[in-house]
Amino acid sequence: MNDAQLRQLPVHAEENEIEQVAREISGLAREQAAETERGRRLSERLVAALRDSGLLRAGAPLEVEGSELAPSTALRCAEEVARGDASAGWCVSIAITSSLLAAYLPPDARDELFGGGKGIAAGVWAPRGKARAVEGGVMVSGRWAFCSGITHADLLFAGCFIDSDAPATGERPVPSVVSVRKEDLEILDTWHTLGLRGTGSHDAVAHEVFVPAARVFSLFDGPLLDRPLYRFPIYGFFALSIAAAALGNARATIDAFVDLAAGKVGLGSHRTLAQRAPTQAAAATAEAALGAARALYYQSIEAAWRAAQRDEPVSVALRNDLRLAATHAVRTSAEVARSMYDLAGGTAIYDQSPLQRHFRDAHTATAHFQVNEASRELPGRILLGQSVDASML
């Protein structure tokens with residue numbers, strides 16, 4: 001895709017058009033995947049295309065010219081971009097999820113940070129920072145790791161504890177989120193990793209940064225806009241966003257292996273990999289596993305989305321289904337990537353092999369705390385009828 005074609009992509013396309021936009025950007029992401037990995041960030045050209053598409057603000061409200069896309073549509077777009085390059089799809093996922101938090105801001109702060117179609121957010125909601133109340137707001141200090149997309153973001157939604165939040169009863173305070181402009185942060189070059197190198201998920205540091213009170217909120221208080229997208233479980237959406245990138249990467253792994261298998265002849269054989277029965281069985285197994293995980297994933301999203309159309313909160317059972325589906329999708333995707341990598345043999349071990357990158361990206365995704373093996377424990381306790389705190393489900 002050339003620059004002229006990119007400029008013709010529709011801005012803030014309707015839902016029936018945005019997936020085609022994602023496919024176009026996926027092609028660009030695939031073309032630039034090697035450059036993205038070497039640079040450990042998305043290229044300016046790719047970021048420009050994503051900004052123009054509205055995908056990086058797909059969760060932001062209509063009031064600030066956000067797309068406010070339904071979860072299934074937004075996540076299918078992220079999945080499609082990840083099919084071109086997992087790092088690009090991951091950045092889209094994280095930006096979409098972070099943009100949802102615009103609905104937690106009062107109108108003036110929302111307009112300041114996101115108005116006029118501007119404002120790309122990154123987010124680390126874990127309370128890694130500390131803040132103290134001052135006149136008109138808070139002073140924040142802290143260091144947040146895994147700030148995916150911070151290289152092209154305009155602001156960071158950063159988790160912290162505020163000293164004035166500590167209750168007199170000695171109970172643990174409720175975490176808050178502060179909206180910090182990137183220009184007020186120090187970005188540390190820490191992202192030297194096995195995979196997902198192009199996400200630029202560096203550490204960000206705040207040194208006594210003033211944040212106005214209007215840009216401080218708690219996820220536990222809920223959004224200020226009462227519409228279906230913002231009733232959809234926010235923590236579930238976060239886990240689903242990781243899975244969208246993993247699913248797209250797994251699809252790309254199968255694609256890459258099919259291309260390789262059509263022409264590669266194994267040592268001591270006269271048949272291509274594609275002509276060998278063990279390869280055929282393994283490819284079929286991978287395709288079925290990916291399809292089943294993907295079906296469960298979108299089935300759970302649609303069920304929760306239907307529930308979000310109603311006034312009452314989405315049930316614990318449906319929220320639990322989202323988390324189960326997200327973790328299953330990520331871990332199944334990694335197994336698919338591993339199986340395709342194994343089938344490719346020695347060809348896949350070289351840096352120029354897309355299968356090697358897909359393998360590394362897949363197994364980097366499984367380390368995320370939202371979808372690691374331990375993330376199954378909370379859903380399992382709920383399924384077994386044990387007493388749990390489901391507030392972050």
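Rules of the game
Residues numbered from 1 in each chain as written. Predicted model: local features only at pLDDT ≥ 70, side-chain atom pairs only at ≥ 80, totals over all residues. Heavy atoms only, no water. Helix = DSSP H or I, 4+ residues; strand = E, 2+ residues; numbered from the N terminus. Buried < 20%, exposed > 50% of the residue type's maximum accessible area, 1.4 Å probe, protein only. Contact = heavy atoms within 4.5 Å. Areas by Shrake-Rupley, 256 points an atom, 1.4 Å probe, with all protein chains shown as cover. Phe/Tyr/Trp six-rings, centres within 6.5 Å; stacked < 30°, edge-to-face > 60°. Pairing = 2+ DSSP bridges. Salt bridge = Lys/Arg side-chain N within 4 Å of Asp/Glu carboxyl O. Polar contact = N/O pair within 3.5 Å; in protein donor to acceptor, adjacent residues only side chain to side chain. Core = buried A, V, L, I, M, F, W, Y, C linked by side-chain atoms within 4.5 Å. Patch = residues over 30% accessible without salt bridge, like charges linked within 9 Å, V, L, I, M, F, W, Y side chains within 5 Å.

Caption draft 1: A look at the overall build of the protein chain. A tally of regular secondary structure across the protein chain gives 13 helices and seven strands. Considered along the principal axes of its C-alpha atoms, the protein chain spans approximately 75 × 55 × 40 Å. Across the 393 residues that make up the protein chain, the buried fraction comes to 54%. Restricting to contacts in the protein chain with at least 6 residues of sequence separation, those with at least 24 account for 75%. For the protein chain, the computed accessible surface area is about 16,800 Å², with 53% contributed by carbon and sulfur atoms.

Caption draft 2: Quick look at the packing of aromatic side chains. A complete count under the given rule lists twelve aromatic pairs for this structure. Note on Trp125 and Tyr235: the rings are 6.2 Å apart at their centroids and 75 degrees apart in plane angle, and the pair reads as edge-to-face. On the criterion of sequence distance, the pair formed by Trp125 in strand S1 (residues 121–134) and Tyr235 in helix H9 (residues 234–261) is long-range, its members being 110 residues apart. Of the residues examined, Trp125 reaches a relative accessible area of 11% and is grouped as buried. Since its relative accessible area comes to 9%, Tyr235 is described here as buried. Considering the side-chain rings of Phe146 and Trp191, the 6.3 Å spacing of their centres and the 85 degrees angle between planes classify their relative orientation as edge-to-face.

Caption draft 3: Quick peek at the sheet that holds strand S7 (residues 216–217). Within the open sheet, the seven strands sit side by side as S5-S6-S2-S1-S3-S4-S7. Their pairing is mixed. Whereas interior strands pair on both sides, the edge strands pair on one side only; in this sheet they are strand S5 (186–188) and S7. Of the strand pairs in this sheet, S1 and strand S2 (residues 137–147) are connected by six bridges, and their pairing is antiparallel. Looking across to S2, one finds that Arg132 is bridged to Met139.

Caption draft 4: Inspection of the pattern of salt bridges at higher detail. Tallying each qualifying case throughout the model produces 20 salt bridges. For Arg310, the salt bridge identified is with Glu312, shortest N-O distance 3.2 Å. Its relative accessible area of 44% is what places Arg310 among the partly exposed residues. Within this structure, Glu37, Arg197 and Arg360 form a network of salt bridges that share partners.

Caption draft 5: Representation of the side chain of Thr199 in the model. Along the chain, the position of Thr199 falls in the loop between S5 and strand S6 (202–212). Assessed through its relative accessible area of 0%, Thr199 is described here as buried. Reaching out from Thr199, the side chain makes a polar contact with the side chain of Trp191 at a distance of 3.2 Å. Within the structure, the side chain of Thr199 is placed 2.9 Å from the backbone oxygen of Leu196, a separation counted as a polar contact. Those residues in contact with Thr199, other than ones at most four positions away along the chain, are Ser87, Trp90, Cys91, Ser148, Gly149 and Trp191.

Caption draft 6: Geometry of the nonpolar core. With 94 residues, the main nonpolar core has Leu55, Leu101, Phe114, Phe157 and Tyr297 as its most contacted residues. The leading source of residues in this core is H9, at 17 residues. Excluding residues within four positions of it along the chain, Leu55 makes contact with Ile18, Ala22, Ile25, Leu50, Cys77, Val81, Val92 and Ile96. Ranked by size, the runner-up nonpolar core spans 21 residues in total, among them Val138, Trp144, Val180 and Ala204.

Caption draft 7: A look at unusual backbone geometry. The backbone of Arg40 shows a phi angle near 55 degrees, a positive value even though the residue is not glycine. Position of Arg40 relative to the elements: it lies in the loop between helix H3 (33–39) and helix H4 (44–53). Of the residues examined, Arg40 reaches a relative accessible area of 19% and is grouped as buried. A positive phi is found at Glu65, a non-glycine position, where the angle reads about 65 degrees. Tracing the chain through its elements places Glu65 in the loop between H4 and helix H5 (71–84).

Caption draft 8: Looking closely at the side chain of Thr332. As for its position among the elements, Thr332 is in helix H11 (residues 316–344). Assessed through its relative accessible area of 14%, Thr332 is described here as buried. Discounting chain neighbours no more than four positions away, the residues touching Thr332 are Ala289, Leu290 and Ala293.

Caption draft 9: Up close: the environment of Pro107. Residue position: Pro107 is located in helix H7 (residues 107–114). For Pro107, a relative accessible area of 48% gives the class partly exposed. Taking the C-alpha atoms as reference points, Pro107 and Arg45, separated by 62 residues in sequence, lie 32 Å from one another.

Caption draft 10: View of the pairing of S6. Across eight bridges, the pairing between S2 and S6 is antiparallel. Bridge assignment links Val138 to a residue of S6, and that residue is Val211.

Caption draft 11: Geometry of a nonpolar patch on the surface. A surface patch of nonpolar side chains, amounting to about 260 Å² of accessible area, comprises Val174, Phe220 and Met392. Residue position: Met392 is located in the segment after helix H13 (377–383).

Purely geometric stuff here, so don't read any function into it on its own.
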